[in-house]
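Here is what each chain is made of, one letter per residue.
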Amino acid sequence: MNNVQSLLERYQTVEDELRIFLLEYSELSYMEGSVEVVDTGAYTWSKLEQPGRKAQCKLYSVYIKLVEEAAEIMTSSGHSATERFSQSCEEVLSHIKQDSMSWDSSPQLSFDRVRGELEFQKHLLTKPVHV
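Residues numbered from 1 in each chain as written. Predicted model: local features only at pLDDT ≥ 70, side-chain atom pairs only at ≥ 80, totals over all residues. Heavy atoms only, no water.

**Focus: the environment of Ala42**
Move 1: Examined against the element boundaries, Ala42 turns out to sit in the loop between β1 (28–30) and β2 (43–45).
Move 2: Residue classification places Ala42 among the buried positions, given a relative accessible area of 2%.
Move 3: Distance in space between the C-alpha atoms of Ala42 and Leu28 is 9.5 Å, their sequence separation being 14 residues.
Move 4: The residues contacting Ala42, other than those within four sequence positions of it, are Ser29, Tyr30, Met31, Ser34, Met101, Ser102 and Trp103. (Helix = DSSP H or I, 4+ residues; strand = E, 2+ residues; numbered from the N terminus. Buried < 20%, exposed > 50% of the residue type's maximum accessible area, 1.4 Å probe, protein only. Contact = heavy atoms within 4.5 Å.)

**Remarks on the environment of Phe111**
Move 1: Following the sequence through the fold, Phe111 ends up in helix α4 (residues 107–126).
Move 2: The buried category is assigned to Phe111, whose relative accessible area is 1%.
Move 3: Measuring from C-alpha to C-alpha, the distance between Phe111 and Ser61 comes to 18 Å, with 50 residues separating the pair along the chain.
Move 4: Excluding residues that lie within four positions of it along the chain, Phe111 makes contacts with Glu15, Leu18, Arg19, Leu22 and Leu23.

**Quick word on helix α1 (residues 3–25)**
Owing to its 3.6 residues per turn, the α-helix aligns residues three or four sequence positions apart on the same side.
Move 1: Under the 1.5 Å per step criterion, the end-to-end length of α1 is 32 Å for 23 residues, consistent within 8% with the ideal 33 Å.
Move 2: Those residues of α1 lying buried are Leu7, Leu8, Tyr11, Val14, Glu15, Leu18, Phe21 and Leu22. (Expected span 1.5 Å × (residues − 1).)

**Side note on unusual backbone geometry**
Move 1: Even without being a glycine, Gln98 presents a positive backbone phi close to 55°.
Move 2: With respect to the element layout, Gln98 can be found in the loop between α3 (82–97) and α4.

**Comments concerning the pattern of salt bridges**
Move 1: Under the criterion given, the structure shown has 10 salt bridges.
Move 2: For Arg19, the salt bridge is made with Glu15, and the minimal N-O distance between the two is 3.6 Å. Here Arg19 and its partner Glu15 are both found in helix α1, four residues apart, which amounts to about one turn of the helix.
Move 3: Judged by relative accessible area, Arg19 falls into the partly exposed class, the value being 31%.
Move 4: With a relative accessible area of 7%, Glu15 lands in the buried category.
Move 5: Between Glu119 and Lys122 there is a salt bridge, and its shortest N-O distance comes to 2.9 Å. Taken as a pair, Glu119 and Lys122 lie in helix α4 at a separation of three residues, close to a single helical turn. (Salt bridge = Lys/Arg side-chain N within 4 Å of Asp/Glu carboxyl O.)

**Things to note about the state of the cysteines**
Move 1: For the structure shown, the criterion picks out zero disulfides.
Move 2: Not part of a disulfide, Cys57 finds its nearest cysteine sulfur in Cys89, a span of 19 Å.
Move 3: With a relative accessible area of 54%, Cys57 lands in the exposed category. (Disulfide = S-S within 2.5 Å.)

**Digging into the nonpolar core**
Move 1: Tyr11, Leu18, Tyr63, Phe85 and Leu118 are the most contacted members of the largest nonpolar core, which has 28 residues in total.
Move 2: No other element matches the seven residues that helix α2 (residues 50–76) contributes to this core. (Core = buried A, V, L, I, M, F, W, Y, C linked by side-chain atoms within 4.5 Å.)

Rendered as structure tokens:
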């Protein structure tokens with residue numbers, strides 16, 4: 001199995017773990033008064049219980065290792081979208097770390113957003129764009 005195919009399979013595992021993490025362990029709370037600043041309002045992540053924190057740590061380390069390997073492949077192949085790839089990775093990491101506000105009103109919407117970022121990352125790995 002080639003390196004890219006292996007990474008794609010690991011992306012699927014990350015997506016499955018993210019689904020569980022966001023939909024079973026995570027909650028969002030509306031920030032009072034935020035609708036005065038943003039039309040849809042803003043939300044904060046609720047504190048995770050112990051099982052959620054454990055899942056978060058595992059997911060973080062698995063995802064970091066995956067994207068480091070993916071970035072290495074992209075860089076060595078001269079891919080022109082490495083900066084956009086990094087931005088996408090930061091978006092996913094923000095949802096894993098749950099360290100910032102969210103514009104999503106539910107964990108399902110957050111998962112949908114993150115799943116889109118994972119799909120984009122996989123697309124970049126399989127459809128290289130060279131300078």
